[in-house]
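Per-entry structural report
Each chain is listed here by its residues.
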Amino acid sequence: MDINIIFKIAAVGLITAIINQVLKKSDKDEIAMLVTLAGLVIVLVMIVNMVGQLFDTLKTVFGMY
């Protein structure tokens, strides 16, 4: 596992939080919620990709097909 993935997740969270606060200050709460949801989906896709790689590695190590 690479430490870069942690930095990528933190960057997505930070950018999402900043955009969320700016939108809330300008009374666009619905769009702020959608931005937060989009950030969550992006991070979940990254994590699902990592879990898929983990299962592929486990299949290779244990010789399962």
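Presented here is a report on the structure given in the accompanying data block.

The rules we used
- Residues numbered from 1 in each chain as written.
- Predicted model: local features only at pLDDT ≥ 70, side-chain atom pairs only at ≥ 80, totals over all residues.
- Heavy atoms only, no water.
- Helix = DSSP H or I, 4+ residues; strand = E, 2+ residues; numbered from the N terminus.
- Buried < 20%, exposed > 50% of the residue type's maximum accessible area, 1.4 Å probe, protein only.
- Polar contact = N/O pair within 3.5 Å; in protein donor to acceptor, adjacent residues only side chain to side chain.
- Contact = heavy atoms within 4.5 Å.
- Expected span 1.5 Å × (residues − 1).

Let us look at unusual backbone geometry. Even without glycine at this site, D27 takes up a positive phi of about 60°. Position of D27 relative to the elements: it lies in the loop between α1 (4–25) and α2 (29–62). A relative accessible area of 67% places D27 in the exposed class.

Secondary-structure assignment places T16 in helix α1. One polar contact links the side chain of T16 to the main-chain carbonyl oxygen of V12, over a distance of 2.6 Å. Here T16 is in contact with V35, T36 and G39, once residues within four sequence places are set aside.

This part takes up α2. For an α-helix the count is 3.6 residues per turn, leaving residues at separations of three or four pointing the same way. Along its 34 residues, α2 runs 49 Å from first to last C-alpha, staying within 8% of the 50 Å computed at 1.5 Å per residue. Along its buried surface, α2 packs onto α1. Count one or two residues on from α2 and you reach G63, which has phi positive near 70°.

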